[in-house]
Amino acid sequence: MRICILGATGLVGRELLHLLPRAWPGCALELYASRDQALEVEGRHYAVRGAEALDAVDAVGGQLAFVALDDEHSARYVPRLRALGYKVIDKSNTYRLDPAVPLVVAGVNDGLVDAGTSLVANPNCTTIPLALVLGPLRRRFGLGRVTVASYQAISGAGLAVLDQFLLEARVGYQSPDRLGQQLAPAGYVGNTVPHNARTDEGGFSAEERKLMAESCKILAAPELAISAQCCRVPVAVGHYEQVWIECERPLTLAEAEATLADERGAPFVRVFPGSEGVGLSALACVQDRDRALVGRMRLDARDALGRGLCLTVAGDNLRVGAATNAVRIAARWFPAADPTLQAPGMLP
Ligand SMILES: NC(=O)c1ccc[n+]([C@@H]2O[C@H](COP(=O)([O-])OP(=O)(O)OC[C@H]3O[C@@H](n4cnc5c(N)ncnc54)[C@H](OP(=O)(O)O)[C@@H]3O)[C@@H](O)[C@H]2O)c1
(Lines give C-alpha, C1' and ligand atoms only; values in the text may rest on other atoms or scores of the structure.)
Protein backbone atom coordinates (compact mmCIF):
# COMPACT_ATOMS: atom_id res chain seq x y z
CA MET A 1 0.00 0.00 0.00
CA ARG A 2 1.26 3.46 -0.90
CA ILE A 3 0.71 6.00 1.92
CA CYS A 4 1.69 9.62 1.92
CA ILE A 5 2.17 11.99 4.87
CA LEU A 6 2.04 15.72 4.31
CA GLY A 7 3.74 17.50 7.18
CA ALA A 8 5.92 14.47 7.92
CA THR A 9 8.55 16.61 9.66
CA GLY A 10 6.09 18.13 12.15
CA LEU A 11 5.10 16.82 15.57
CA VAL A 12 2.02 14.94 14.37
CA GLY A 13 3.70 13.74 11.16
CA ARG A 14 6.55 12.21 13.14
CA GLU A 15 4.11 10.23 15.27
CA LEU A 16 2.60 8.83 12.08
CA LEU A 17 6.05 7.50 11.16
CA HIS A 18 5.84 5.27 14.27
CA LEU A 19 2.26 4.21 13.79
CA LEU A 20 1.99 3.44 10.07
CA PRO A 21 4.43 0.48 10.03
CA ARG A 22 2.54 -0.93 13.05
CA ALA A 23 -0.78 -0.61 11.26
CA TRP A 24 0.29 -1.59 7.75
CA PRO A 25 3.66 -3.40 7.84
CA GLY A 26 5.53 -3.10 4.55
CA CYS A 27 3.60 -0.02 3.39
CA ALA A 28 5.47 2.33 1.04
CA LEU A 29 5.77 5.81 2.55
CA GLU A 30 5.89 9.04 0.57
CA LEU A 31 6.81 11.97 2.81
CA TYR A 32 6.24 15.65 2.11
CA ALA A 33 6.89 18.91 3.95
CA SER A 34 7.68 22.51 3.00
CA ARG A 35 10.82 21.62 1.03
CA ASP A 36 13.10 18.76 0.04
CA GLN A 37 15.03 17.61 3.10
CA ALA A 38 16.42 14.61 4.99
CA LEU A 39 14.60 13.57 8.17
CA GLU A 40 15.98 11.42 10.97
CA VAL A 41 13.58 10.07 13.59
CA GLU A 42 15.09 7.83 16.27
CA GLY A 43 17.92 6.61 14.07
CA ARG A 44 15.80 5.99 10.98
CA HIS A 45 16.46 8.12 7.92
CA TYR A 46 13.81 9.33 5.51
CA ALA A 47 13.82 11.40 2.33
CA VAL A 48 11.21 14.16 2.41
CA ARG A 49 10.05 16.08 -0.65
CA GLY A 50 8.64 19.55 -0.94
CA ALA A 51 4.84 19.24 -1.16
CA GLU A 52 4.83 21.30 -4.37
CA ALA A 53 5.98 18.11 -6.11
CA LEU A 54 2.38 16.93 -5.79
CA ASP A 55 1.34 19.66 -8.24
CA ALA A 56 3.43 18.14 -11.04
CA VAL A 57 1.38 16.68 -13.88
CA ASP A 58 3.16 13.34 -13.49
CA ALA A 59 2.66 13.18 -9.67
CA VAL A 60 1.92 9.60 -8.67
CA GLY A 61 -1.22 8.71 -6.69
CA GLY A 62 -1.69 6.21 -3.91
CA GLN A 63 -4.21 4.70 -1.53
CA LEU A 64 -4.05 6.74 1.65
CA ALA A 65 -2.89 10.23 2.65
CA PHE A 66 -2.50 11.80 6.09
CA VAL A 67 -2.39 15.58 6.02
CA ALA A 68 -0.75 17.20 9.07
CA LEU A 69 -0.44 20.78 7.84
CA ASP A 70 -1.88 24.09 8.97
CA ASP A 71 -5.32 25.15 7.71
CA GLU A 72 -4.04 27.13 4.76
CA HIS A 73 -1.87 24.34 3.38
CA SER A 74 -4.49 21.67 4.04
CA ALA A 75 -6.93 23.66 1.92
CA ARG A 76 -4.33 23.78 -0.80
CA TYR A 77 -3.25 20.12 -0.87
CA VAL A 78 -6.28 18.06 0.18
CA PRO A 79 -8.14 18.61 -3.13
CA ARG A 80 -5.00 17.68 -5.05
CA LEU A 81 -4.54 14.47 -3.08
CA ARG A 82 -8.15 13.51 -3.71
CA ALA A 83 -7.69 14.20 -7.42
CA LEU A 84 -4.70 11.86 -7.33
CA GLY A 85 -6.96 9.12 -5.96
CA TYR A 86 -5.94 9.13 -2.31
CA LYS A 87 -8.36 8.63 0.53
CA VAL A 88 -7.49 11.50 2.87
CA ILE A 89 -7.51 12.07 6.63
CA ASP A 90 -7.02 15.76 7.34
CA LYS A 91 -5.81 16.82 10.77
CA SER A 92 -6.34 20.55 10.42
CA ASN A 93 -9.39 22.63 11.24
CA THR A 94 -10.22 23.21 7.53
CA TYR A 95 -12.95 20.61 6.95
CA ARG A 96 -14.09 19.78 10.49
CA LEU A 97 -17.39 21.62 10.40
CA ASP A 98 -18.06 21.07 6.69
CA PRO A 99 -21.40 19.21 6.65
CA ALA A 100 -20.19 17.14 3.70
CA VAL A 101 -17.15 15.84 5.58
CA PRO A 102 -17.43 13.36 8.47
CA LEU A 103 -15.67 14.45 11.66
CA VAL A 104 -14.67 11.22 13.31
CA VAL A 105 -13.43 9.87 16.61
CA ALA A 106 -12.58 6.19 16.28
CA GLY A 107 -14.60 4.29 18.85
CA VAL A 108 -17.37 6.90 18.91
CA ASN A 109 -18.67 7.55 15.37
CA ASP A 110 -16.28 5.79 12.99
CA GLY A 111 -19.27 3.96 11.56
CA LEU A 112 -19.68 7.09 9.40
CA VAL A 113 -16.66 6.03 7.36
CA ASP A 114 -17.40 3.56 4.60
CA ALA A 115 -15.91 2.50 1.29
CA GLY A 116 -17.44 5.51 -0.46
CA THR A 117 -15.89 8.07 1.93
CA SER A 118 -12.85 9.80 0.50
CA LEU A 119 -12.16 12.59 3.04
CA VAL A 120 -12.43 12.47 6.83
CA ALA A 121 -11.63 15.31 9.23
CA ASN A 122 -9.71 14.49 12.41
CA PRO A 123 -10.98 16.54 15.39
CA ASN A 124 -9.02 18.87 17.64
CA CYS A 125 -6.64 17.33 20.19
CA THR A 126 -8.80 18.26 23.20
CA THR A 127 -12.01 17.12 21.51
CA ILE A 128 -10.94 13.54 20.80
CA PRO A 129 -10.22 12.39 24.41
CA LEU A 130 -13.31 14.24 25.62
CA ALA A 131 -15.53 12.58 22.99
CA LEU A 132 -14.14 9.13 23.87
CA VAL A 133 -15.49 9.72 27.39
CA LEU A 134 -18.69 11.62 26.58
CA GLY A 135 -19.82 9.12 23.90
CA PRO A 136 -20.28 6.12 26.23
CA LEU A 137 -21.74 8.29 29.03
CA ARG A 138 -24.26 9.74 26.59
CA ARG A 139 -25.37 6.31 25.36
CA ARG A 140 -25.93 5.11 28.92
CA PHE A 141 -27.19 8.19 30.79
CA GLY A 142 -27.94 10.88 28.19
CA LEU A 143 -26.16 14.24 28.28
CA GLY A 144 -27.69 17.50 29.41
CA ARG A 145 -25.04 20.11 30.12
CA VAL A 146 -21.25 19.78 29.79
CA THR A 147 -18.65 22.25 31.10
CA VAL A 148 -14.95 21.84 30.33
CA ALA A 149 -11.81 23.59 31.53
CA SER A 150 -8.74 22.54 29.55
CA TYR A 151 -5.08 22.81 30.55
CA GLN A 152 -3.26 22.32 27.28
CA ALA A 153 0.32 21.34 26.56
CA ILE A 154 2.68 23.51 24.52
CA SER A 155 3.20 20.87 21.81
CA GLY A 156 -0.36 21.57 20.68
CA ALA A 157 1.14 24.65 18.99
CA GLY A 158 3.60 22.63 16.87
CA LEU A 159 7.28 21.73 16.79
CA ALA A 160 8.77 25.22 16.51
CA VAL A 161 6.81 26.55 19.51
CA LEU A 162 7.63 23.47 21.59
CA ASP A 163 11.35 23.77 20.87
CA GLN A 164 11.30 27.49 21.70
CA PHE A 165 9.51 26.73 24.98
CA LEU A 166 12.06 24.05 25.94
CA LEU A 167 14.92 26.43 25.19
CA GLU A 168 13.37 29.30 27.16
CA ALA A 169 12.62 26.96 30.07
CA ARG A 170 16.27 25.89 30.27
CA VAL A 171 17.43 29.50 30.27
CA GLY A 172 14.61 30.87 32.44
CA TYR A 173 15.06 28.43 35.30
CA GLN A 174 18.82 29.01 35.55
CA SER A 175 18.05 32.10 37.64
CA PRO A 176 17.59 31.45 41.38
CA ASP A 177 14.49 33.71 41.52
CA ARG A 178 11.79 31.54 43.10
CA LEU A 179 8.94 33.83 42.03
CA GLY A 180 9.71 33.81 38.32
CA GLN A 181 10.09 37.58 38.01
CA GLN A 182 12.79 36.95 35.41
CA LEU A 183 10.30 35.14 33.18
CA ALA A 184 8.18 36.80 30.48
CA PRO A 185 4.70 37.45 32.00
CA ALA A 186 2.95 36.49 28.75
CA GLY A 187 5.35 33.63 27.90
CA TYR A 188 4.78 29.91 28.35
CA VAL A 189 7.62 29.14 30.78
CA GLY A 190 6.51 28.80 34.41
CA ASN A 191 3.15 30.20 33.43
CA THR A 192 -0.54 29.56 32.77
CA VAL A 193 -1.92 31.69 29.94
CA PRO A 194 -5.20 31.97 28.05
CA HIS A 195 -5.18 29.81 24.91
CA ASN A 196 -3.79 32.05 22.20
CA ALA A 197 -6.17 31.00 19.44
CA ARG A 198 -8.09 33.93 17.94
CA THR A 199 -10.97 35.26 20.08
CA ASP A 200 -14.31 35.98 18.40
CA GLU A 201 -16.92 38.67 19.00
CA GLY A 202 -18.59 36.45 21.62
CA GLY A 203 -15.33 36.39 23.61
CA PHE A 204 -14.60 32.69 23.05
CA SER A 205 -11.27 31.64 21.60
CA ALA A 206 -11.11 29.54 18.44
CA GLU A 207 -9.87 26.64 20.59
CA GLU A 208 -12.94 26.88 22.82
CA ARG A 209 -15.25 27.07 19.80
CA LYS A 210 -13.60 23.98 18.31
CA LEU A 211 -14.06 21.96 21.49
CA MET A 212 -17.73 22.93 21.70
CA ALA A 213 -18.77 22.72 18.04
CA GLU A 214 -16.80 19.59 17.26
CA SER A 215 -18.20 17.74 20.28
CA CYS A 216 -21.75 18.50 19.09
CA LYS A 217 -20.99 17.28 15.56
CA ILE A 218 -19.23 14.07 16.65
CA LEU A 219 -21.96 13.15 19.11
CA ALA A 220 -24.63 14.15 16.55
CA ALA A 221 -26.09 16.33 19.31
CA PRO A 222 -26.44 19.87 17.95
CA GLU A 223 -28.50 20.77 21.02
CA LEU A 224 -25.79 19.75 23.50
CA ALA A 225 -25.26 22.57 26.04
CA ILE A 226 -21.47 22.59 26.21
CA SER A 227 -19.15 25.40 27.25
CA ALA A 228 -15.37 25.49 27.50
CA GLN A 229 -12.49 27.57 28.81
CA CYS A 230 -9.02 26.73 27.50
CA CYS A 231 -5.58 27.71 28.71
CA ARG A 232 -2.02 26.60 28.10
CA VAL A 233 0.19 25.28 30.87
CA PRO A 234 3.98 24.77 30.79
CA VAL A 235 3.80 21.06 29.95
CA ALA A 236 5.40 19.63 26.81
CA VAL A 237 2.84 16.93 25.94
CA GLY A 238 -0.50 15.88 27.44
CA HIS A 239 -3.73 17.87 27.51
CA TYR A 240 -5.66 17.78 30.79
CA GLU A 241 -9.39 18.55 30.97
CA GLN A 242 -11.64 19.10 33.99
CA VAL A 243 -15.20 18.21 33.07
CA TRP A 244 -18.55 18.82 34.76
CA ILE A 245 -21.38 16.77 33.27
CA GLU A 246 -25.08 16.90 33.94
CA CYS A 247 -26.63 13.70 32.58
CA GLU A 248 -30.27 13.31 31.57
CA ARG A 249 -30.77 10.38 33.94
CA PRO A 250 -29.50 9.83 37.51
CA LEU A 251 -26.37 7.73 37.88
CA THR A 252 -24.16 6.28 40.58
CA LEU A 253 -20.41 6.53 40.69
CA ALA A 254 -20.11 2.77 40.25
CA GLU A 255 -22.28 2.90 37.13
CA ALA A 256 -20.22 5.74 35.65
CA GLU A 257 -16.94 3.92 36.31
CA ALA A 258 -18.28 0.63 34.95
CA THR A 259 -19.53 2.37 31.79
CA LEU A 260 -16.13 3.85 31.04
CA ALA A 261 -14.20 0.73 32.08
CA ASP A 262 -16.11 -1.43 29.58
CA GLU A 263 -13.64 -1.92 26.73
CA ARG A 264 -16.34 -2.72 24.20
CA GLY A 265 -18.64 0.13 25.13
CA ALA A 266 -15.88 2.66 25.79
CA PRO A 267 -12.96 1.74 23.51
CA PHE A 268 -9.60 3.48 23.87
CA VAL A 269 -10.45 4.69 27.40
CA ARG A 270 -8.47 3.84 30.53
CA VAL A 271 -10.15 4.40 33.88
CA PHE A 272 -8.21 5.39 36.98
CA PRO A 273 -10.60 4.24 39.72
CA GLY A 274 -11.33 6.31 42.78
CA SER A 275 -11.86 9.99 43.24
CA GLU A 276 -8.24 10.81 44.23
CA GLY A 277 -6.92 10.58 40.69
CA VAL A 278 -3.87 8.53 41.73
CA GLY A 279 -1.73 7.97 38.64
CA LEU A 280 -3.70 10.35 36.46
CA SER A 281 -1.58 13.24 35.19
CA ALA A 282 -0.63 15.00 31.99
CA LEU A 283 2.67 13.15 31.86
CA ALA A 284 0.93 9.80 32.40
CA CYS A 285 -0.32 10.33 28.84
CA VAL A 286 3.13 9.82 27.38
CA GLN A 287 3.27 6.39 29.05
CA ASP A 288 -0.11 5.40 27.63
CA ARG A 289 -0.27 7.38 24.44
CA ASP A 290 -3.12 5.82 22.55
CA ARG A 291 -5.94 6.02 25.09
CA ALA A 292 -7.95 8.72 26.84
CA LEU A 293 -7.19 8.59 30.55
CA VAL A 294 -10.13 9.30 32.84
CA GLY A 295 -10.40 9.52 36.61
CA ARG A 296 -11.19 11.75 39.60
CA MET A 297 -14.79 10.65 39.09
CA ARG A 298 -17.21 11.90 41.72
CA LEU A 299 -20.83 12.87 41.88
CA ASP A 300 -21.59 16.58 41.70
CA ALA A 301 -23.83 17.24 44.67
CA ARG A 302 -25.23 20.41 43.08
CA ASP A 303 -27.72 18.30 41.13
CA ALA A 304 -30.35 17.16 43.61
CA LEU A 305 -31.59 14.50 41.18
CA GLY A 306 -28.23 12.70 41.15
CA ARG A 307 -27.41 13.45 37.52
CA GLY A 308 -24.20 15.44 38.11
CA LEU A 309 -20.75 13.96 37.51
CA CYS A 310 -17.28 15.55 37.75
CA LEU A 311 -14.26 13.92 36.16
CA THR A 312 -10.83 14.55 34.66
CA VAL A 313 -9.77 13.48 31.18
CA ALA A 314 -6.17 13.50 29.95
CA GLY A 315 -4.83 12.54 26.56
CA ASP A 316 -1.59 12.65 24.60
CA ASN A 317 -2.38 15.45 22.15
CA LEU A 318 0.02 14.10 19.54
CA ARG A 319 -1.21 10.50 19.64
CA VAL A 320 -4.75 9.73 20.85
CA GLY A 321 -5.54 13.41 20.21
CA ALA A 322 -4.12 13.37 16.69
CA ALA A 323 -2.07 10.68 14.91
CA THR A 324 -3.52 7.56 16.53
CA ASN A 325 -7.10 8.63 15.89
CA ALA A 326 -6.21 9.31 12.25
CA VAL A 327 -4.73 5.83 11.83
CA ARG A 328 -7.74 4.21 13.50
CA ILE A 329 -10.06 6.06 11.12
CA ALA A 330 -8.06 4.89 8.12
CA ALA A 331 -8.23 1.35 9.48
CA ARG A 332 -11.94 1.45 8.56
CA TRP A 333 -10.81 1.30 4.93
CA PHE A 334 -7.60 -0.71 5.35
CA PRO A 335 -7.73 -3.05 8.39
CA ALA A 336 -4.73 -2.56 10.69
CA ALA A 337 -2.37 -5.39 11.57
CA ASP A 338 -2.14 -4.04 15.13
CA PRO A 339 -5.53 -4.50 16.85
CA THR A 340 -4.94 -1.49 19.11
CA LEU A 341 -5.01 0.66 15.96
CA GLN A 342 -8.22 -0.80 14.59
CA ALA A 343 -11.45 1.23 14.84
CA PRO A 344 -14.25 -0.85 16.32
CA GLY A 345 -16.89 0.77 14.10
CA MET A 346 -19.46 1.80 16.70
CA LEU A 347 -22.17 4.33 16.05
CA PRO A 348 -23.21 6.93 18.67
N1 LIG B 1 0.31 19.37 17.76
C2 LIG B 1 -0.84 18.87 18.14
O3 LIG B 1 -1.04 18.52 19.34
C4 LIG B 1 -1.96 18.69 17.16
C5 LIG B 1 -3.00 17.89 17.53
C6 LIG B 1 -4.08 17.72 16.65
C7 LIG B 1 -4.07 18.35 15.44
N8 LIG B 1 -3.02 19.14 15.09
C9 LIG B 1 -3.07 19.78 13.78
O10 LIG B 1 -2.21 19.02 12.92
C11 LIG B 1 -1.58 19.89 11.99
C12 LIG B 1 -0.07 19.73 12.14
O13 LIG B 1 0.31 20.10 13.47
P14 LIG B 1 1.78 19.89 14.05
O15 LIG B 1 1.70 20.19 15.49
O16 LIG B 1 2.36 18.58 13.60
O17 LIG B 1 2.56 21.09 13.30
P18 LIG B 1 4.13 21.36 13.17
O19 LIG B 1 4.89 20.54 14.14
O20 LIG B 1 4.30 22.84 13.22
O21 LIG B 1 4.46 20.83 11.70
C22 LIG B 1 3.98 21.51 10.56
C23 LIG B 1 4.30 20.72 9.30
O24 LIG B 1 3.82 21.49 8.18
C25 LIG B 1 4.86 21.54 7.22
N26 LIG B 1 4.76 22.74 6.37
C27 LIG B 1 4.91 24.03 6.77
N28 LIG B 1 4.78 24.85 5.68
C29 LIG B 1 4.53 24.05 4.62
C30 LIG B 1 4.35 24.28 3.23
N31 LIG B 1 4.39 25.52 2.71
N32 LIG B 1 4.13 23.22 2.41
C33 LIG B 1 4.11 21.97 2.90
N34 LIG B 1 4.31 21.67 4.21
C35 LIG B 1 4.52 22.71 5.06
C36 LIG B 1 6.14 21.56 8.03
O37 LIG B 1 7.22 21.22 7.20
P38 LIG B 1 8.71 21.84 7.44
O39 LIG B 1 9.33 21.03 8.55
O40 LIG B 1 9.40 21.63 6.14
O41 LIG B 1 8.54 23.29 7.81
C42 LIG B 1 5.79 20.49 9.07
O43 LIG B 1 6.00 19.21 8.53
C44 LIG B 1 -2.11 21.30 12.28
O45 LIG B 1 -3.23 21.56 11.48
C46 LIG B 1 -2.53 21.20 13.73
O47 LIG B 1 -3.54 22.13 14.08
C48 LIG B 1 -1.96 19.31 15.91
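For the structure itself, look to the data block above.
First, a word on what this report is: a plain description of the structure on this page. Quick caveat: nothing in here was measured; it's all calculated off a predicted structure.

It is worth spelling out unusual backbone geometry at this point. One non-glycine residue with positive phi stands out, namely Glu42, at about 45 degrees. Looking at the element boundaries, Glu42 is found in the loop between β3 (37–41) and β4 (44–50). Positive phi, close to 50 degrees, is recorded for Arg296, a residue that is not glycine. Take Arg296: it is sitting in strand β13 (residues 292–299). On the basis of relative accessibility, which here comes to 29%, the residue Arg296 falls in the partly exposed class.

The full set close to the ligand counts 25 residues, and Thr9, Val12, Ser34, Leu69 and His73 are the nearest of them. Measuring from an oxygen atom of the ligand, one finds a backbone N or O atom of Val12 at 2.9 Å. The protein chains hide 78% of the 910 Å² of surface that the ligand would expose on its own. Elements with a contribution of two residues or more to the shell around the ligand: α1 (11–23) and α7 (319–330). Tallied by class, the residues present in the shell around the ligand amount to 11 nonpolar, 12 polar and 2 charged.

So, on to α1. Since one α-helical turn is 3.6 residues long, residues separated by three or four positions face the same way. With 13 residues, α1 extends 19 Å from end C-alpha to end C-alpha; this agrees with the ideal 18 Å at 1.5 Å per step. At Leu17, α1 shows its largest kink, close to 30 degrees, and the proline Pro21 lies no more than four residues downstream. What α1 keeps buried is the set Leu11, Val12, Gly13, Glu15, Leu16, Leu17, Leu19, Leu20 and Ala23.

Basis of the calculations
- As a convention, each chain's residues are numbered from 1 in the sequence order in which they are written.
- Thresholds applied to this predicted model are a pLDDT of at least 70 for local features of residues and 80 or more for the giving and counting of side-chain atom pairs; totals over whole chains, interfaces and linings are not thresholded and use all residues.
- Computation of side-chain values: all heavy atoms of the structure, hydrogens and water removed.
- Numbering of helices and strands starts at the N terminus; helices are DSSP runs of H or I of at least 4 residues and strands are runs of E of at least 2.
- Exposure classes here rest on a 1.4 Å probe applied to the protein chains alone. A residue is buried below 20% of its type maximum, exposed above 50%, and partly exposed in between.
- Throughout, near means a residue has at least one heavy atom within 4 Å of the molecule or strand.
- Here a polar contact means two N or O atoms within 3.5 Å. Within protein one must be a hydrogen donor candidate and the other an acceptor candidate, and residues neighboring in sequence count only if both atoms are side-chain atoms.
- Note on areas: these come from Shrake-Rupley sampling with a 1.4 Å probe, and a residue is covered only by the protein chains present in the view.
- Throughout this entry, Asp, Glu, Lys and Arg are counted as charged residues, while Ala, Val, Leu, Ile, Met, Phe, Trp, Tyr, Cys and Pro are counted as nonpolar. The remaining residues, Gly among them, count as polar.
- A helix is expected to span 1.5 Å multiplied by its residue count minus one.
- Bend, in this description, refers to the angle at a residue between axes fitted to the seven residues ending there and the seven starting there.

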